[in-house]
Amino acid sequence: RKFVIANARVENCAIIYCNDGFCEMTGFSRPDIMQKPCTCDFLHGGLTNKEAISQVAQAVLRSEERKVEITYYRKDGSDFQCNIHIIPVKNEEGVVMMFILNFDYVVDEESDNSTEKISPTSPTKS
């Protein structure tokens, strides 16, 4: 898994935790990432779609659970496609206290080594 946890009770919804998987995915170290906004503006680049950026920002602003496909950039400048699952976490009173953002690589459906590849024809027995 690759995820961050952000504090929803501060102005920029700052990242308060990121796991090793997220650091490996992005090339940033934990100190680089801590206290950055959970909208991950620091991962934006030339191919990052404005509509996707807007969807992430709206989900955080409205405290809505949402999945967004977006192109991000690693610290070394290389780009990657990922799916973000934004999950607001509420307290007993229903107030959003934090966000969990889970990141997964977009699986290339043309790839032969994809475990999620679906064949349009039924399998044949050999």
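Scope of this entry: the structure provided in the associated data block. In this text, all values refer to a predicted model and were calculated from it rather than measured experimentally. (Residues numbered from 1 in each chain as written. Predicted model: local features only at pLDDT ≥ 70, side-chain atom pairs only at ≥ 80, totals over all residues. Heavy atoms only, no water.)

Inspection of the secondary structure assignment puts Cys38 in the loop between helix 2 (30-33) and helix 3 (50-61). Distance in space between the C-alpha atoms of Cys38 and Asn12 is 7.5 Å, their sequence separation being 26 residues. Filtering out sequence-adjacent residues up to four positions away, Cys38 remains in contact with Ala6, Asn12, Cys13, Ile15, Val60 and Leu101. (Helix = DSSP H or I, 4+ residues; strand = E, 2+ residues; numbered from the N terminus. Contact = heavy atoms within 4.5 Å.)

Attention now moves to helix 3. An ideal rise of 1.5 Å per residue puts 16 Å on twelve residues; helix 3 measures up with 16 Å between its terminal C-alpha atoms. Inspection of helix 3 places Ala52, Val56, Ala59 and Val60 among the buried residues, and these make up the whole buried set. One side of helix 3 holds all its buried residues, which, seen down the axis, span an arc of 100°. Away from its buried face, by an angle of more than 90 degrees, helix 3 presents the exposed residues Lys50 and Leu61. Lining the buried residues of helix 3 we find strand 3 (66-73), strand 4 (79-90) and strand 5 (96-105). (Expected span 1.5 Å × (residues − 1). Buried < 20%, exposed > 50% of the residue type's maximum accessible area, 1.4 Å probe, protein only. Arc of directions from axis to C-beta.)

A regular strand places its side chains on the two faces of the sheet in alternate fashion. In this structure, strand 1 (residues 3-7) lies alongside strand 5, joined through five bridges in antiparallel fashion. Residue pairing across strands places Asn7 opposite Met98, the latter belonging to strand 5. Two strands pair when backbone bridges link them, and strand 1 and strand 2 (residues 15-18) are joined in this way by three bridges, in the antiparallel orientation. Along strand 2, the bridge assignment pairs Ile5 with Tyr17. (Pairing = 2+ DSSP bridges.)

Turning to a nonpolar patch on the surface, a few remarks are in order. Side chains of Val95, Met97 and Met98 sit close together on the surface and give an oily, nonpolar patch of about 200 Å² of accessible area. Within the secondary structure layout, Met98 lies in strand 5. (Patch = residues over 30% accessible without salt bridge, like charges linked within 9 Å, V, L, I, M, F, W, Y side chains within 5 Å. Areas by Shrake-Rupley, 256 points an atom, 1.4 Å probe, with all protein chains shown as cover. Salt bridge = Lys/Arg side-chain N within 4 Å of Asp/Glu carboxyl O.)

In this section: the environment of Phe3. Assignment of secondary structure puts Phe3 in strand 1. Along the backbone, Phe3 and Tyr17 are 14 residues apart, and their C-alpha atoms lie at a distance of 8.4 Å.

Let us look at the sheet that holds strand 3. Here we have five strands laid out as an open sheet, ordered 2-1-5-4-3, and antiparallel in their pairing. Every other strand in the sheet has two partners, leaving strand 2 and strand 3 as the edge strands with one partner each. Mean inter-strand twist for the sheet, computed between neighbouring axes without regard to direction, equals 25°. Direction of pairing for strand 4 relative to strand 5: antiparallel, over a ladder of nine bridges. Across the sheet, Asn83 pairs through a bridge with Asp104, a residue of strand 5. Taken strand by strand, helix 3 contacts strand 3, strand 4 and strand 5, and its axis lies near 130° from that of strand 3. (Axes fitted to C-alpha atoms, helices over the stretch in contact; angles between N-to-C directions.)

A few words on the packing of aromatic side chains. In this description, an aromatic ring pair is defined by two values, namely the gap between the centres and the angle between the planes. Under the counting rule described, the total for this entry stands at six aromatic pairs. Judged by centre distance (6.5 Å) and plane angle (45°), the ring pair of Tyr72 and Phe103 falls under tilted. Of this pair, Tyr72 sits in strand 3 while Phe103 sits in strand 5, and the two are 31 residues apart along the sequence. No difference in accessibility class separates Tyr72 from Phe103, as the two residues are buried. By way of ring pairs, the aromatic residues Phe22, Tyr72, Phe80, Phe103 and Tyr105 are connected into one cluster. Positioned above the aromatic ring of Phe42 is the side chain of Lys36, whose terminal nitrogen or guanidinium carbon lies 6.0 Å from the ring centre. (Phe/Tyr/Trp six-rings, centres within 6.5 Å; stacked < 30°, edge-to-face > 60°. Lys NZ or Arg CZ within 6 Å of the ring centre and 35° of its normal.)

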